[in-house]
Amino acid sequence: MSTHSVTPVRELPFIGGAPREPHSSATFEAVNPANGEILAHVADCDAVDVDRAVSVAGAAQREWMSWDAGRRIAVLLRWADAVEQQRAELGETDTRNMGRVLREALGDGAASARMIRYWAGQVDRMTGHQVPANSGHLSYTTREPLGVIGVIMPWNGPVGSFCSRVAPAIACGNAAVVKPSEMSPLSALRLAALLSEAGAPEGLVNVVTGGGVTGAAVAEHPGIGGVTFTGSVPTGRRIAHAAAETFKKTVLELGGKSPNIVFEDADLDAAGRGALWGVFNNAGQVCVAGTRLLVQRSIAPEFIEQLRRRAARIRVGDPMDPKTHMGPLASQQQFERVSNYLRIARDEGARVLSGGGTPKDTHPEGLFVEPTVLTEVSQSMRVAREEIFGPILSVLVFDDEDEAVALANDVEYGLSANIWTRDLGRMHRMAGLVQAGTIWGNTMRLHHPGLWFGGIKASGQGSAYAEGAIEGSTRVRRVTIRFDEAAPTPAWGDLDGD
Ligand code: NAD
């Protein structure tokens, strides 16, 4: 892809409350995938930069935890306000950096502010408990921060990913060293600066930019107490190995191949709209995208035709245009990956019902792919089993509940599943049998920080931002004090000669 010449800015890592000159002069380019424009030359941080960030983060964390909860809550609330006020600039940054359509990216700032406020409300609720196990003794547990948490992020929703991982980490009393994706690093730098301006101790949240080598330096660093990773299964596996060397706690939010299961008795209009949005929103670059449509045979022809009609109306193009539904893929690498899966689908004998090519009237240097519906897909095909992370829907047909469950579970992933039926008995039976960390019935992608979200099977372990994030960001310690001298002791007297 050739590129335009605009005036790219130079972006430095954010360490210790300010942009800092990195250790080496190496950089990488942040590119607008809609037109090939180079937006910035971004520092490619190395292990020395990571080490520096971990060191200042450690000091900032000690200061942060010396503050009363009320003062920490006030910082989080000011940060939430700033994110909300700056949502247009943050949204435009993400749209330019990774192609998410502006009308959606603009919503991320407001949703992120709500997420930060939720976590501000948790700051003084990091409670332990008291256990009445022994008379004359007080036994209690405390929940304490891990220290510095390494946050390693993907590129598909940069503002939301940053706020939803960093807010629980610092609400639980930690500092953070964030490694955004090399494909979309720009908004992370701005979000860390906003937190600093909101009054956080300098170095509480640092951003080291770079690729896998920088990420590995974070995962391996002995000064980091926990890693929250969101990304692909192969990288998650590498991070789990690296973190095991220093016994770091890890939260892994990995990929998916989520089934969208439509029964004949469902509200077919709602299921059709959901199926379409579930796979083509953000050009399919969503971990919980419903990329496998499992449709009951009796309604399959009608439902597939409905999808074809709706998919043809999706407007693909300039993501800055408020009328655009679907923008480009985020990077050249992602474009090649998706194009390769289109070739694989054809080679394996799937039928391209709609899409499959380059949309008309898009920028010649943009990384656009049409929303694509594949039919005549069988379970053995790679497009039915592997995560594509692009706007490709694979349609499979089933006869009954047993077959739907078997197809739904016959992949390595277990992130989420969507079930559409008006029969409540069937809904609950399916919810019990389909293997996924989150099940949505007659809806999809409804998130709330108070509700569990996390994968099972190869889709990961733990939860980075929802209900379970406290577990991933803290550890528990126990204290037992014998306060009554008349209380019995363990049998230590047996060894002193009496
Ligand atoms: P990726 O695994 O390629 O990269 C993720 C991050 O890991 C990047 O910041 C990258 O630089 C870093 N990295 C790469 N190699 C590393 C190493 N050896 N050690 C440490 N860090 C390393 O994933 P991606 O392509 O950026 O994101 C897409 C994937 O993320 C998809 O599989 C998607 O399903 C998943 N995802 C999951 C969730 C979830 O909540 N479960 C959310 C969003 C995305």
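All chains use their own residue numbering, which begins from 1 and follows the written sequence. The model is predicted, so local features are restricted to residues of pLDDT at least 70 and side-chain atom pairs to those at 80 or more, both for listing and for counting; the totals for chains, interfaces and linings are taken over all residues. As a rule here, side-chain values cover all heavy atoms of the structure and leave hydrogens and water aside.

Student: Before we move on, could you go through a nonpolar patch on the surface and cite the residues and values that matter?
Tutor: Exposure above 30% relative accessible area and the absence of a salt bridge qualify a residue for a patch, where like charges join within 9 Å and nonpolar side chains (Val, Leu, Ile, Met, Phe, Trp, Tyr) within 5 Å. Surface accessibility in these figures is a Shrake-Rupley result with a 1.4 Å probe; residues are shielded only by whichever protein chains are displayed. The salt bridge definition used is simple: a Lys or Arg side-chain nitrogen within 4 Å of an Asp or Glu carboxyl oxygen. Where nonpolar side chains cluster on the molecular surface, the patch consists of Leu-138, Ile-481 and Phe-483 and spans about 280 Å² of accessible area. Put simply, DSSP H or I for four residues or longer makes a helix, DSSP E for two residues or longer makes a strand, and each gets a number counted from the N terminus. With respect to the helices and strands, Ile-481 occurs in strand S22 (residues 474-482). Think of it in three bands: with a 1.4 Å probe and only protein chains considered, a residue is buried below 20% of the maximum accessible area for its type, exposed above 50%, and partly exposed in between. Residue class for Ile-481 comes out partly exposed when judged on its relative accessible area of 39%.

Student: Residues and numbers for the site of the ligand, please.
Tutor: One heavy atom within 4 Å of a molecule or strand is enough for the residue carrying it to be called near that molecule or strand. Around the ligand lies a shell of 29 residues, among which Met-153, Lys-179, Glu-182, Ser-232 and Glu-387 are the nearest. In the model, an oxygen atom of the ligand is placed 3.4 Å from a nitrogen or oxygen of the Gly-231 main chain. Any pair of N or O atoms that falls within 3.5 Å is considered a polar contact. Within protein, one atom must be able to donate a hydrogen and the other to accept it, and sequence-neighbouring residues count only if both atoms are side-chain atoms. Thr-235 is positioned with one of its side-chain polar atoms (N or O) 2.7 Å from an oxygen atom of the ligand. Here the ligand has 850 Å² of accessible area as a free molecule, and 88% of this is covered by the chains. Where the shell around the ligand is concerned, the elements lending two or more residues are helix H7 (212-220), strand S10 (226-230) and helix H8 (233-245). Each residue is assigned to one class: nonpolar for Ala, Val, Leu, Ile, Met, Phe, Trp, Tyr, Cys and Pro, charged for Asp, Glu, Lys and Arg, and polar for all the others, Gly among them. Residue composition of the shell around the ligand, by class: 13 nonpolar, ten polar and six charged.

Student: For helix H13 (residues 401-409), give the residues involved together with the corresponding values.
Tutor: Since one α-helical turn is 3.6 residues long, residues separated by three or four positions face the same way. Glu-401, Ala-404, Val-405, Leu-407, Ala-408 and Asn-409 are the residues of H13 that are buried. Working rule for contacts: check all heavy atoms of both residues, and any pair within 4.5 Å makes them a contact. In this fold, the buried residues of H13 make contact with strand S12 (259-262), strand S13 (292-296), strand S16 (392-398), helix H14 (424-433) and strand S20 (456-457).

Student: Just give me the short version of the pairing of strand S19 (residues 438-441), but keep the residues and values in it.
Tutor: The two faces of S19 differ: Thr-438 and Trp-440 on one face are buried, but Ile-439 and Gly-441 on the other face are not. A pair of strands counts as paired when DSSP detects no fewer than two bridges linking them. Of the pairings in the sheet, the one linking strand S18 (residues 416-420) to S19 comprises four bridges and is parallel in character. Bridged to Asn-418 within S19 is Trp-440. Orient the strands so they point away from the viewer, and a crossover whose first-strand-to-second-strand path over the helix runs clockwise is right-handed. Taken together, S18, H14 and S19 form a β-α-β motif whose crossover is right-handed.

Student: Please give an account of the state of the cysteines that cites residues and values.
Tutor: Working definition: a disulfide is two cysteine sulfur atoms within 2.5 Å of each other. Summed over the entire model, instances satisfying the criterion amount to zero disulfides. Cys-163 takes part in no disulfide bond, and the closest cysteine sulfur, belonging to Cys-172, lies 16 Å away. A residue is classified by how much of its surface remains accessible, and Cys-163, at 0% relative accessible area, is buried. As a non-bridged cysteine, Cys-287 has Cys-163 as the owner of its nearest cysteine sulfur, 16 Å distant. According to the relative accessible area criterion, Cys-287 is partly exposed, its value standing at 25%.

Student: Which residues make up the UniProt feature "active site" (unreviewed entry) in the protein, and what are the values?
Tutor: UniProt positions are given in the numbering used here, feature names are shortened, and annotations may be inferred rather than shown by experiment. Per the UniProt entry, the sites bearing "active site" (unreviewed entry) are Glu-253 in this numbering. Within the secondary structure layout, Glu-253 lies in strand S11 (residues 249-253). Judged by its relative accessible area of 5%, Glu-253 is buried. Setting aside residues up to four positions removed in sequence, Glu-253 forms contacts with Arg-165, Phe-229, Thr-230, Gly-231, Phe-453, Gly-454, Ser-459, Gly-462, Ser-463, Ala-464 and Tyr-465.

Student: Explain the sheet that holds strand S1 (residues 9-11) to me, and be specific about the residues and the numbers.
Tutor: The strand order S1-S5-S4 describes an open sheet built from three strands, whose pairing is mixed. The strands lining the two open edges of the sheet, one partner per strand, are S1 and strand S4 (27-31). For this sheet, the mean angle separating the axes of adjacent strands, direction not counted, is 30°. Looking at chain direction, S4 and strand S5 (residues 38-43) are connected through five bridges and run antiparallel. Opposite Thr-27, over in S5, you have Ala-43 as the bridge partner. Axis geometry follows a simple rule: fit a line to the C-alpha atoms, using only the stretch in contact for helices, then measure angles between N-to-C directions, giving values from 0 to 180 degrees. Sitting on the sheet, helix H6 (residues 186-197) is in contact with S1, S4 and S5, with an inclination near 65° to S5.

Student: Please give an account of the packing of helix H9 (residues 268-280) against helix H10 (residues 300-312) that cites residues and values.
Tutor: Running from amino to carboxyl end, H9 crosses H10 at an angle of 50°, the nearest separation of the two axes being 10 Å. As summarised for this structure, H9 and H10 are arranged oblique, according to the angle between their axes. Judged by the twist between their axes, the crossing of H9 over H10 is right-handed. On H10, the residues that touch Leu-268, Asp-269, Ala-271, Gly-272, Arg-273, Ala-275, Leu-276 and Phe-280 of H9 are Glu-302, Phe-303, Gln-306, Leu-307, Arg-310 and Ala-311. Partitioning the contact of H9 with H10 into residue classes produces eight nonpolar, two polar and four charged. Orientation is classified from the angle alone, with under 35 degrees giving roughly parallel, over 145 giving roughly antiparallel, 65 to 115 giving roughly perpendicular, and any other angle giving oblique. By convention the crossing between two helices is left-handed if the near helix lies anticlockwise of the far one by an angle smaller than a right angle, and right-handed if it lies clockwise.

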